[in-house]
Amino acid sequence: MKLDINVGRNYVRINVDRVVIICHGLPYEPGSAIDKSYDSLAEFFSRRGIPAVVFDFSGTGKSQGSFSLISWLEDLESIAENFEEVHVVGFSMGGAVAYAFENAESYSIISSPFSPDMFSEGMLREIYSNALLKGTLRGIRDYETFRRRFVEEFQSIAPSSVRPKKDVLVVHAIDDEVVPFDQGERIFRYSKRPKKFVRVENGGHFLRRSEKVIELAYRWVSEKREGEEVETIRI
């Protein structure tokens, strides 16, 4: 990708071929992912020599459009096609979208759902109510329309519905209070080698706040990946 910008008096072109694309989850609070801790994750990779991209999916933050999981996958594909080598790091729903993306060099899937069976009626109503109250998902209408579309679209992009990927790191907390731990286990079992599963003790759902977890993703992107491994860490 060629980025043309002005720096002071100078016209500058930046060439970037290899990149990590960071995918955020369903936003609980309003605002851009860039204004939240996701930008710190991008800095973590960039300071270690791997350019990183963080963005808002359609219908969220500062991006245009209406919320749609299909649109989220299209967003990722549209951004990725500008680069020669793409690694994806996805959190929660962003991890499920990242897994549906084809031809990434590596996948880091963190605290993410595997299949539609985890979305109970109560959870869907909670997602809808929060989005309506805080304006975190634009373009949603009545609950029944939201529920039907959400379930149908997640069914089509869920890890359980797409081609199994290789070069997959799965990180999931045993005590995740949002996405059950077994969802991460199932993503790992479904994936092809090379792959690695990291069980996190005392982590909860928001593992993006742990530098130890982000270091795992960095190593998965930057080091040689082979075989199959299961590890437990405490944070």
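Position numbers for residues start from 1 in each chain and track the written sequence from start to end. Given that the model is predicted, a residue must reach a pLDDT of at least 70 before its local features are reported, and side-chain atom pairs must reach 80 or more before they are shown or counted; all residues, however, enter totals for whole chains, interfaces and linings. Only hydrogens and water are removed before side-chain values are computed, so all heavy atoms of the structure are retained for them.

> Can you tell me about the overall build of the protein chain, naming the residues and giving the values?
Numbering of helices and strands runs from the N terminus; a helix is a DSSP stretch of H or I covering at least four residues, while a strand is a stretch of E covering at least two. A count of helices and strands for the protein chain gives seven helices and nine strands. For 235 residues, the compact-globule formula gives about 18 Å, and the C-alpha radius of gyration of the protein chain, at 17 Å, lands near that figure. By principal-axis analysis of the C-alpha atoms, the protein chain measures approximately 55 × 40 × 30 Å. Classification of residues uses two cut-offs on accessible area relative to the type maximum, computed with a 1.4 Å probe and protein chains only: under 20% is buried, over 50% is exposed, and between them is partly exposed. Within the protein chain, the fraction of its 235 residues that count as buried is 50%. Note on definitions: a residue-residue contact is assigned when non-hydrogen atoms from the two residues lie within 4.5 Å. Considering only contacts in the protein chain between residues 6 or more positions apart, those separated by 24 or more positions represent 69%. On the protein chain, roughly 11300 Å² of surface is accessible, and the fraction owed to carbon and sulfur atoms is 46%. Positive and negative side-chain charges of the protein chain, numbering 32 and 36 respectively, have mean locations separated by a distance of 1 Å. With C-alpha atoms as the basis for the radius of gyration, the globule rule is written as 2.2 Å multiplied by the number of residues raised to the power 0.38. Values of accessible area rely on a 1.4 Å probe in the Shrake-Rupley scheme; residue burial ignores everything except the protein chains shown. Here Asp and Glu are counted as negative and Lys and Arg as positive; His is not counted, and neither are the chain ends. Where a charge lies is defined by one atom per residue type, namely NZ (Lys), CZ (Arg), CG (Asp) and CD (Glu).

> Which residues make up the nonpolar core, and what values go with them?
In plain words, nonpolar cores are sets of buried Ala, Val, Leu, Ile, Met, Phe, Trp, Tyr and Cys residues tied together by side-chain atoms within 4.5 Å. In terms of nonpolar packing, the biggest core is built from 49 residues, with I21, V88, F146 and F150 touching the most fellow members. Top contributing element to this core by residue count: helix α3 (residues 93-100), with six residues. V54, V200, A217 and V221 belong to the second largest nonpolar core, which has 27 residues in total.

> Quick one: what's the story with the pattern of salt bridges, residue by residue and with numbers?
A carboxyl oxygen of Asp or Glu within 4 Å of a side-chain nitrogen of Lys or Arg is what we treat as a salt bridge. According to the stated counting rule, one finds 18 salt bridges in the structure shown. The partner of D35 in a salt bridge is K62, and the shortest N-O contact between them spans 3.7 Å. Pair noted here: D35 is in the loop between β3 (18-23) and α1 (38-46) and K62 is in the loop between β4 (52-54) and α2 (69-80), with a separation of 27 residues, a long-range link. Comparing D35 with K62 shows no difference in burial state: the two are exposed. The salt bridge involving R149 is made with E153; its shortest N-O contact spans 3.1 Å.

Such coordinate-based values are descriptive only and should not be taken to indicate function.
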